Amino acid sequence: MKKSFFFSTNPEKSCKATGKDLRVHFKNTRETAAAIKGMSLTRAKKFLQNVSEKKEIVPFIRYRYGVGRKSQLKNTKFSNGRWPKKSSENLLKILKNAEANAKRKNLDTNTLFIGNIQVNKAMKGQRRTFRAHGRINAFFKSSLPHKPLVNRKK
């Protein structure tokens, strides 16, 4: 079954960008994407840069078990969080691509916000690892497709 992607009702005032088969963890990327959903494009880019520098933190809401409590989240209603550097850098690249797509469509980048962002699990790549006594086990690598949709604020 193919997964659908949210399409904007007005494609002239929105733009998309996609990242495919990125080698990042799904749970970290899902929480980072949920944190930037609804932000303006400039604020989301600044937030992701701050996460990479550990100035701001990503609250973990759904996949919070085993994640430590951090004092940077004192003024939010959540207590568990992390600084997923690799996920934030990959999302930042995709948002920069979406910004370039918006400039190509002659949209004002100051009025853009992230209307929808989708993170899916991709098919795992299978490799082999060699064990003791001549045995071989499966060894999987995970990858993700990301699809943010950037809309113009009304």
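None of the values given here were measured: they were computed from a predicted structure.

Chemist: Teacher, can you tell me more about unusual backbone geometry here?
Modeler: Note on backbone geometry: most residues besides glycine have negative phi, and most peptide bonds are trans. Not every positive phi belongs to a glycine, and Asp21 is a case in point at roughly 55°. Along the chain, Asp21 turns up in strand β2 (residues 19–22). Classification of Asp21 as exposed rests on a relative accessible area of 54%.

Chemist: Sorry if this is basic, but what is going on with helix α1 (residues 26–36) here?
Modeler: Turn by turn, an α-helix covers 3.6 residues, leaving residues three or four places apart pointing in a common direction. Three or more residues of α1 are buried, namely Phe26, Asn28, Thr29, Glu31, Thr32, Ala33 and Ile36. Just downstream of α1 lies Gly38, where phi reads positive at about 90°.

Chemist: Whenever I open this one, the packing of aromatic side chains confuses me. Can you help?
Modeler: What the rule picks out here adds up to 1 aromatic pair. Ring centres of Phe26 and Tyr63 lie 6.1 Å apart, and the angle between their planes is 70°; this geometry places the pair in the edge-to-face category. With a gap of 37 residues between them, Phe26 in helix α1 and Tyr63 in the loop between β3 (58–59) and β4 (81–82) connect regions that are remote in the sequence.

Chemist: Help me understand the nonpolar core, please; the structure alone is not making it clear to me.
Modeler: Soluble globular proteins tend to bury their nonpolar side chains together. Ranked by internal contacts, the top residues of the largest apolar core, which has 29 residues, are Ile36, Phe47, Leu48 and Leu95. Looking at this core, the elements that each hand over two or more residues are α1, α2 (41–52), α3 (85–104), β5 (112–119) and β8 (144–152). No other element matches α3, which puts 6 residues into this core. With residues near it in sequence (within four places) discarded, Leu95 still touches Ile36, Leu41, Ala44, Lys45, Leu48, Ile114 and Pro148.

Chemist: Hey, could you run me through the packing of α2 against α3 in this one?
Modeler: Packed helices, taken two at a time, are described by the angle their axes make and the gap between the axes. Between α2 and α3, the least distance of the axes is 9 Å, while the angle of their chain directions is 155°. The orientation of α2 with respect to α3, classified from their angle, is roughly antiparallel. In this structure, α2 crosses over α3, and the sense of that crossing is left-handed. Here Leu41, Ala44, Lys45, Leu48, Gln49, Val51 and Ser52 of α2 come into contact with α3, specifically with Lys85, Ser88, Glu89, Leu91, Leu92, Leu95 and Glu99. Of the residues that constitute the contact of α2 with α3, the class distribution is 7 nonpolar, 3 polar and 4 charged.

Thresholds applied
Numbering of residues starts from 1 in every chain and runs along the sequence as written. A pLDDT threshold of at least 70 governs which residues receive local features in this predicted model, and a stricter bar of 80 or more applies before side-chain atom pairs are shown or counted, although totals over entire chains, interfaces and linings include all residues. Side-chain measures were taken over the full set of non-hydrogen atoms in the model, leaving aside hydrogen atoms and water. The numbering of helices and of strands both runs from the N terminus, where a helix is a DSSP run of H or I of at least 4 residues and a strand a run of E of at least 2. Accessible area is worked out with a 1.4 Å probe on protein chains only. A residue is then buried under 20% of its type maximum, exposed over 50%, and partly exposed in between. Pairing of aromatic rings covers Phe, Tyr and the six-membered ring of Trp, with a centre-to-centre limit of 6.5 Å; geometry is then stacked below 30 degrees between planes, edge-to-face above 60, and tilted otherwise. Residues grouped as a nonpolar core are buried Ala, Val, Leu, Ile, Met, Phe, Trp, Tyr and Cys residues, joined through side-chain atoms within 4.5 Å. Whether two residues are in contact is decided by their heavy atoms: any pair within 4.5 Å suffices. Geometry is summarised by axes, namely lines fitted to C-alpha atoms with helices restricted to the contacting stretch, and by angles between N-to-C directions that run from 0 to 180 degrees. For classification purposes, angles smaller than 35 degrees are called roughly parallel, those larger than 145 roughly antiparallel, those between 65 and 115 roughly perpendicular, and all remaining angles oblique. In this scheme the handedness of a crossing depends on how the near helix is turned from the far one: anticlockwise by less than a right angle means left-handed, clockwise means right-handed. In the scheme used here, Gly and all other residues not listed as nonpolar or charged are polar, with Ala, Val, Leu, Ile, Met, Phe, Trp, Tyr, Cys and Pro taken as nonpolar and Asp, Glu, Lys and Arg as charged.

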